[in-house]
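Spelled out, the chains give:
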Amino acid sequence: AYHIWYPTATTGRGYIQFSTDSLGEGTYHFDGKTLKQITTNDGLVHNQVRGIQEDNNGNIYVETPEGVSKFNGAKFTTLKVIKSPNSKWKNEPTDLWFNCNGNNLYRFDGEWLHELHLPEQDLTLLNIDFNKHIEDLNYSPYSVFGIDRDKDGNIWIGTIKAGAFRFDGNSFLWVGEKELSTLPDGRVPGVRSMIQDKDGYLWLSNFYSKYKINVDSSKGYEKLKAVDLPKDVVKDKILYFNSGLSDEEGNLWMTTYGGGVWKYDGKGLSNTEINNGEEDVLLISIYQDHDGIIWLGTNNDGVYKQNGSNFEKFETDK
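1. Description of the overall build of the protein chain
Then, number 1: Scanning the protein chain from N- to C-terminus turns up 1 helix and 28 strands.
Then, number 2: Per-residue burial for the protein chain yields a buried fraction of 49% across its 318 residues.
Then, number 3: Counting contacts in the protein chain only where the partners sit at least 6 residues apart, residues at least 24 apart contribute 44% of the total.
Then, number 4: Counting only carbon and sulfur atoms, one obtains 43% of the accessible surface of the protein chain, whose full area is about 15900 Å².

2. Some remarks on the pattern of salt bridges
Then, number 1: Scanning the model with the defined rule gives 8 salt bridges in all.
Then, number 2: Here Lys 83 makes a salt bridge to Glu 115, at a shortest N to O gap of 3.5 Å. Taken together, the residues span a long stretch of sequence, with Lys 83 in the loop between strand S9 (81–82) and strand S10 (96–98) and Glu 115 in strand S12 (residues 113–116) at a distance of 32 residues.
Then, number 3: For Lys 83, a relative accessible area of 51% puts it in the exposed group.
Then, number 4: For Lys 223, the salt bridge goes to Glu 179, with nearest N and O atoms at 3.1 Å. With a gap of 44 residues between them, Lys 223 in strand S20 (residues 221–225) and Glu 179 in the loop between strand S16 (172–175) and strand S17 (194–196) connect regions that are remote in the sequence.
Then, number 5: With relative accessibility at 37%, the residue Lys 223 sits in the partly exposed group.
Then, number 6: Look at the salt bridges and you will find they share partners, linking Glu 177, Glu 179, Lys 219 and Lys 223 into a network.

3. Description of the packing of aromatic side chains
Then, number 1: As enumerated under the stated definition, the model contains 13 aromatic pairs in all.
Then, number 2: When the centroid spacing of 6.0 Å and the interplanar angle of 35° are considered together, the rings of Trp 89 and Trp 97 count as tilted.
Then, number 3: Among the residues examined, Trp 89 registers a relative accessible area of 24% and is labelled partly exposed.
Then, number 4: Linked through ring pairs, Trp 89, Trp 97, Phe 167 and Phe 172 together constitute an aromatic cluster.

4. Quick word on the nonpolar core
Then, number 1: Counting residues in each nonpolar core, the largest one holds 15 residues, and the members touching the most others are Trp 97, Leu 105, Leu 118, Leu 123, Tyr 142, Ile 157 and Phe 165.
Then, number 2: Mapped by element, the contributors of at least two residues to this core are strand S14 (155–159) and strand S15 (164–167).
Then, number 3: If you look at the next biggest cluster of nonpolar residues, it comprises 14 residues, including Phe 207, Val 234, Trp 262 and Leu 269.

5. What to know about the sheet that holds strand S7 (residues 67–71)
Then, number 1: Read across the sheet, 4 strands follow the order S5-S6-S7-S8 without closing on themselves; strand pairing throughout is antiparallel. On the outer flanks of this sheet lie strand S5 (51–54) and strand S8 (76–78), each paired with one strand and no other. If you compare each strand with its neighbour and ignore which way they point, the axes differ by 25° on average.
Then, number 2: When S7 meets S8, the two strands line up antiparallel, connected through 3 bridges. Across the sheet, residue Ser 69 finds its bridge partner in S8, namely Thr 78.

6. A word on unusual backbone geometry
Then, number 1: A positive phi angle, close to 65°, is found at Ser 205, a residue other than glycine.
Then, number 2: On the secondary structure map, Ser 205 appears in the loop between strand S18 (202–204) and strand S19 (209–213).
Then, number 3: Ser 205 gets classed as buried once you look at its relative accessible area, which sits at 0%.

7. A few points about the environment of Lys 263
Then, number 1: Checked against the element boundaries, Lys 263 lands in strand S23 (residues 260–264).
Then, number 2: The class of Lys 263 is partly exposed, set by a relative accessible area of 29%.
Then, number 3: As a C-alpha pair, Lys 263 and Asn 251 span 12 residues in sequence and 6.8 Å in three-dimensional space.
Then, number 4: Apart from the residues lying within four places of it in its own chain, the contact partners of Lys 263 are Asn 251, Leu 252, Trp 253, Gly 268, Leu 269 and Ser 270.

8. Here's the deal with the confidence of the model for the protein chain
Then, number 1: Model confidence for the protein chain is summarised by a mean pLDDT of 85, while 88% of its residues fall at 70 or above.
Then, number 2: Mean pLDDT across the elements of the protein chain bottoms out in strand S1 (residues 2–5) (56) and peaks in S15 (98).
Then, number 3: With pLDDT under 50 throughout, residues 130–136 is counted as low confidence; its partners more than four residues away or in other chains account for 7 contacts.

9. Things to note about the side chain of Thr 159
Then, number 1: Relative to the assigned elements, Thr 159 resides in strand S14.
Then, number 2: At 2.8 Å, the side chain of Thr 159 forms a polar contact with the backbone nitrogen of Ala 162.
Then, number 3: Not counting residues within four places of it along the chain, the set of residues in contact with Thr 159 comprises Leu 118, Pro 141, Tyr 142, Ser 143, Val 144, Phe 145, Phe 165, Gly 190 and Val 191.

So, how was this worked out
- Residues numbered from 1 in each chain as written.
- Predicted model: local features only at pLDDT ≥ 70, side-chain atom pairs only at ≥ 80, totals over all residues.
- Heavy atoms only, no water.
- Helix = DSSP H or I, 4+ residues; strand = E, 2+ residues; numbered from the N terminus.
- Buried < 20%, exposed > 50% of the residue type's maximum accessible area, 1.4 Å probe, protein only.
- Contact = heavy atoms within 4.5 Å.
- Areas by Shrake-Rupley, 256 points an atom, 1.4 Å probe, with all protein chains shown as cover.
- Salt bridge = Lys/Arg side-chain N within 4 Å of Asp/Glu carboxyl O.
- Phe/Tyr/Trp six-rings, centres within 6.5 Å; stacked < 30°, edge-to-face > 60°.
- Core = buried A, V, L, I, M, F, W, Y, C linked by side-chain atoms within 4.5 Å.
- Pairing = 2+ DSSP bridges.
- Axes fitted to C-alpha atoms, helices over the stretch in contact; angles between N-to-C directions.
- pLDDT = per-residue confidence, 0-100.
- Polar contact = N/O pair within 3.5 Å; in protein donor to acceptor, adjacent residues only side chain to side chain.

Here's what the structure looks like:
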């Protein structure tokens with residue numbers, strides 16, 4: 001998988017970082033002219049890179065299955081982990097969150113990585129058979145797929161089969177809906193991305209439903225139909241997205257694996273297919289740079305960049 005990271009405006013650093021997962025090629029640094037590969041030879045803890053973040057001081061954090069590498073502008077170091085149960089659940093504005101290998105969840109407080117575990121729920125409500133202990137399964141239903149912040153600073157954590165969790169710094173809200181777990185046809189899309197629209201509703205990796213916090217309801221949230229899904233648009237596409245964002249105008253942009261890019265303008269849903277002339281491009285991630293241009297990370301065809309109403313493959317000389 002490819003991930004794209006564009007530095008914050010506060011650092012003033014004019015470059016883009018591309019990272020790879022399945023290829024195991026480390027991360028690539030593009031300064032506008034040249035592309036430089038960075039691997040374990042440069043100090044990375046592992047060459048499978050699953051995400052890149054930046055703190056308020058301009059330090060770069062590279063997320064891998066074997067931990068998190070910090071780059072301070074001169075060298076890489078590996079963050080130290082505090083194992084649960086000594087780790088602390090908190091939610092400070094400067095905290096960074098990682099899921100690394102997917103089985104664990106980590107909060108970085110600026111000094112330590114706190115290894116955390118989500119509170120167990122009654123997953124029989126999601127038709128998950130718990131005659132066996134979680135440890136006996138091939139993976140935990142609580143394995144973390146996605147981590148995002150909403151506009152109020154709350155942390156949203158998406159899992160592979162146990163739905164989504166909202167953590168406000170003090171307590172948890174569990175969104176345990178069947179559409180967020182194993183589907184009737186056996187597919188397990190998981191909650192990979194959570195985005196918030198201009199009306200405050202959370203979209204949890206799918207186009208079917210949207211959610212809003214409601215402390216007066218029995219579940220703590222309300223659920224509504226997200227959008228009308230016209231057959232001529234959706235056809236036979238999988239309506240679960242891997243990554244999403246809300247642009248400055250409040251439009252939602254989402255990527256689906258093999259299903260192209262989707263845009264929701266508050267009224268309707270439109271789709272742009274991405275094809276390189278030989279095969280469908282498998283989209284993983286989506287980002288928007290400081291100029292408002294949208295970038296797409298793919299699993300099989302590098303990186304695509306927005307060009308007007310379309311997307312074209314991004315090419316540069318190494």
